Amino acid sequence: MDDTTPPSARRSGMIRAALARAEQAVFTRPAPKSAKAQMKFLHTRAKGSTRALAERLGVSRSTVHRYLTGTSTKPHRRLQETLTQETEDQWQSQVRAQGRQRAATSGGLVITCRATFGFTANGTSDDARVRDIITAVSPSHAARILDAKERGATDAELRPLLAEAISESYFREGGTARAGLRADFRDVEHLQIDF
């Protein structure tokens, strides 16, 4: 992308990445870091099938075998990125599911962000401006956001859900103030989501 691409487009995976970091924060043990440990973990998750793991990683069966035995230890960049991503995606899936369930039923989410917010209320609009916001989002909004992420929603599809959750919890104070106010969430500079 060139320099004329808007910052929000350059950060197209920002919301999904923030949600993934929130899930990883609930891990009770750190995910394996070495290529051999990651390969062993993924091999176990593939029910011991070297063929299935090789297909999933886009490498040969002999490559999988070399890492399992420790013959190879330093994967090329693409394989290292794939190993890390696959390991993080599959690590402590039950702990991750419990964290999502807790957020969706009782705990909600805490969203910390620096973004441009433009407002629309009762047919008028205020100029957009950059705000630093920390707000607790209700479990019902958390459930919609997490369900959309699990269904594979893109950042473009998640953005309105976050905007509505922030509008409700921060600007409308849970529905007790500024009833017609809607905040548009754009040009996100920083985003952190916690369970």
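For clarity, every value in this text was computed on a predicted model and none was experimentally measured.

1. Section: the pattern of salt bridges
Scanning all chains against the criterion turns up 9 salt bridges. In this structure, Arg56 and Glu86 form a salt bridge, with 2.5 Å as the shortest nitrogen-oxygen distance. In this pair, Arg56 sits in helix H4 (residues 50–57) while Glu86 sits in helix H6 (residues 77–90), placing the two residues 30 residues apart along the sequence. Here Arg114 makes a salt bridge to Asp132, at a shortest N to O gap of 2.8 Å. Here the residue Arg114 occupies a position in strand E1 (residues 109–121), and Asp132 occupies one in strand E2 (residues 124–137), the gap between them amounting to 18 residues. For Arg114, a relative accessible area of 31% translates into the label partly exposed.

2. A few points about the confidence of the model for the chain
Any residue range with low pLDDT should be treated as having predicted coordinates unsuitable for detailed reading. Mean pLDDT over the chain: 85, with 85% of residues reaching 70 or higher. Scored below 50 in pLDDT, residues 1–11 makes 9 contacts in the model with residues more than four places away or belonging to other chains.

3. Observations regarding the nonpolar core
One finds Phe117, Phe185, Leu191 and Ile193 to be the most contacted residues of the largest nonpolar core, which totals 29 residues. With 6 residues, the top contributor of residues to this core is helix H9 (residues 155–171). The contact partners of Phe185, leaving out residues within four places of it in the chain, are Cys113, Ala115, Thr116, Phe117, Arg159, Leu162, Ala163, Ile166 and Leu191. If you look at the next biggest cluster of nonpolar residues, it comprises 16 residues, including Ala35, Met39, Ala54 and Leu79.

4. Points about the packing of helix H3 (residues 35–45) against H4
Across the interface, H3 lies against H4 with an axial gap of 9 Å and an inter-helix angle of 115 degrees. Relative to H4, the crossing made by H3 is right-handed. Residues Met39, Leu42 and His43 of H3 touch H4, and the partners they reach there are Thr50, Leu53 and Leu57. Looking at the contact of H3 with H4 residue by residue, the class counts come to 4 nonpolar, 2 polar and no charged.

5. Re the packing of aromatic side chains
As enumerated under the stated definition, the model contains 2 aromatic pairs in all. Relative to Trp91, the ring of Phe41 lies with its centre 5.0 Å away and its plane at 65 degrees, an arrangement referred to as edge-to-face. With Phe41 in helix H3 and Trp91 in the loop between H6 and helix H7 (93–107), the pair connects residues that are 50 residues apart, well separated along the chain. This pair shows no difference in class: Phe41 is buried, exactly as Trp91 is. Consider the rings of Phe117 and Phe185, whose centres lie 5.6 Å apart with planes at 35 degrees: the pair is tilted.

Conventions used here
Residues numbered from 1 in each chain as written. Predicted model: local features only at pLDDT ≥ 70, side-chain atom pairs only at ≥ 80, totals over all residues. Heavy atoms only, no water. Salt bridge = Lys/Arg side-chain N within 4 Å of Asp/Glu carboxyl O. Helix = DSSP H or I, 4+ residues; strand = E, 2+ residues; numbered from the N terminus. Buried < 20%, exposed > 50% of the residue type's maximum accessible area, 1.4 Å probe, protein only. pLDDT = per-residue confidence, 0-100. Contact = heavy atoms within 4.5 Å. Core = buried A, V, L, I, M, F, W, Y, C linked by side-chain atoms within 4.5 Å. Axes fitted to C-alpha atoms, helices over the stretch in contact; angles between N-to-C directions. Left-handed = near helix turned anticlockwise from the far one by under 90°. Nonpolar A, V, L, I, M, F, W, Y, C, P; charged D, E, K, R; others polar. Phe/Tyr/Trp six-rings, centres within 6.5 Å; stacked < 30°, edge-to-face > 60°.

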